[in-house]
Amino acid sequence: MQHEKAVVSAQDVAERAGVSRSAVSRAFTPGASVSPATRERVMKAAEELGYHVNHLARGLVSNRSSIVCLIVSEIATPYRASLVRWLTQFLQEAGKVAMLINTDRSDNSVSAALQQAINFRADASIILSGMPDRTITRQCYKHGQRIILINRDEALPGSLSINLDAESAAQTAVMAFQRAGCQHLAFANSLAGTPSLKKREDTFVATAERAGLSVTVERFGTTSYESGQILAHRLLTRHQRPDGVFCVTDLVACGFMDEARHRFALRVPEDLCLIGYDNIAQAGWSSYNLTTFSQPVEQFAQDAVKWLIQTEQEETGFTPQGEQQHDSLLYQADVVWRGSVRGG
């Protein structure tokens, strides 16, 4: 009967190399003090025995697992896929292990995901969808877990919030529609109800009203291409058809544009001006040529991981001093002018 090969331990390597157990640990720790000769003997012994560092065990000793949970819904959408791509890349470069938890859009689902992160002793959780219950987040802080919120408009103690300046985007969109001569504006939104999507709607409506323009708001479904089609049908069959529509995301705008063109025979931008949000790759395709606002997703990810590493390296450790202590970063959503708005 063939027996399974026993796991090789650091002690086995130490005995083969003729060094102490601590010398083996230092040899595998970047920056640790160990002589070149000792390191060479340890590495030679490790190769002969087939030894690999047990990072889970090391994490138990250091009270740091190197796991970072990404809590996200609608992963298949181009914007979310791009953000997850950059986050996982920068986390891996920083020596972290990304654990993806796919949730629905409910806050309860996010709270359950955070509980999983606590159970796995994650160093941090990056929340892209929903808002967790504060009782769960307090447990995270108690266990030393950091929280990063991307496009979540709430301040949690000990967290980093990353948000876009919705006001400047709304002002630019209203200005673009005014310059194009649009008289009847609309905002096409989903029913997702996330803080960032709601803020885009609220700021656009308020900015347009200050400019003397009323806005018809229509909401439906998820932030998907299919929802854009249905929103177009609802808005374009109204007695007062809009001639300028701000869509909450590019994916919604693409569905809206196709429906407007193929079902209602409208020309973009001659009969209908459209603006999207996110600057996904499809927005730049010649079939859409969509004017939109660009989210700096690469910068989001880079700065989120940079903050995480910096807080870990603080000499005083991670100890929130009060319920209001948190960090925040606000970014500009730069307009990308294309051909879906007259005069753009």
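Since this is a predicted model, take the numbers as computed values, not measurements.

**Examining the sheet that holds strand β6 (residues 185-189)**
- Taken in spatial order, the 4 strands make up an open sheet running β7-β6-β8-β9, and their pairing is parallel. Each edge of the open sheet is held by one strand with a lone partner, namely β7 (215-219) and β9 (273-275). Going across the sheet, the axis of each strand differs from the next one's by a mean of 20°, ignoring polarity.
- With 5 bridges joining them, β6 and β7 adopt parallel strand pairing. Looking at the pairing, F187 lines up with V217 of β7.
- Packing against the sheet, helix α9 (residues 195-210) makes contact with β6, β7 and β8 (244-247), and its axis sits at approximately 175° to β6.
- Of the strands in this sheet, β6 and β7 touch helix α10 (residues 225-236), which is tilted by about 140° from β7.

**A closer look at the nonpolar core**
- Among the nonpolar cores identified, the biggest contains 76 residues, and L87, I126, I148, I150, F204, F246 and F256 are the most heavily contacted of them.
- In terms of residue count, the dominant contributor to this core is helix α12 (residues 297-313) (8 residues).
- Here L87 is in contact with L70, I126, L128, I150, A301, A304 and V305, once residues within four sequence places are set aside.
- Counting 14 residues, the second-largest nonpolar core is a separate cluster that includes V13, A17, V42 and Y51.

**Some thoughts on the packing of aromatic side chains**
- Summed over the entire model, instances satisfying the criterion amount to 9 aromatic pairs.
- Ring geometry for W86 versus F90: centroids 5.8 Å apart, planes at 20°, classification stacked. Here W86 and its partner F90 are both found in helix α5 (residues 78-93), 4 residues apart, which amounts to about one turn of the helix.
- Note on F90: relative accessible area 11%, which makes it buried.
- Ring geometry for F204 versus F246: centroids 5.0 Å apart, planes at 75°, classification edge-to-face. Note that F204 is positioned in helix α9 and F246 in strand β8, a separation of 42 residues in sequence. Each of the two residues, F204 as well as F246, counts as buried.
- An aromatic cluster is present here, built from F177, F187, F204, F246, Y277 and F293 joined pairwise through their rings.

**Looking at the sheet that holds strand β1 (residues 67-72)**
- Ordered in space as β2-β1-β3-β4-β5-β11, the 6 strands form an open sheet in which the pairing is parallel. Taken across any chain shown, the strands that pair with only one partner, and hence form the sheet edges, are β2 (97-102) and β11 (327-331). For this sheet, the mean inter-axis angle between neighbouring strands, taken without regard to orientation, is 15°.
- Taken together, the 5 bridges between strand β5 (residues 159-164) and β11 define a ladder with parallel strand orientation. The residue bridging L164 from the neighbouring strand is Y331, located in β11.
- This element, α12, spans β1, β3 (124-127), β4 (146-150), β5 and β11 of the sheet and lies at about 165° to β4.

Criteria and cut-off values
- Residues numbered from 1 in each chain as written.
- Predicted model: local features only at pLDDT ≥ 70, side-chain atom pairs only at ≥ 80, totals over all residues.
- Heavy atoms only, no water.
- Pairing = 2+ DSSP bridges.
- Helix = DSSP H or I, 4+ residues; strand = E, 2+ residues; numbered from the N terminus.
- Axes fitted to C-alpha atoms, helices over the stretch in contact; angles between N-to-C directions.
- Contact = heavy atoms within 4.5 Å.
- Core = buried A, V, L, I, M, F, W, Y, C linked by side-chain atoms within 4.5 Å.
- Buried < 20%, exposed > 50% of the residue type's maximum accessible area, 1.4 Å probe, protein only.
- Phe/Tyr/Trp six-rings, centres within 6.5 Å; stacked < 30°, edge-to-face > 60°.

These results come straight from atomic positions and should not be treated as a statement about function.
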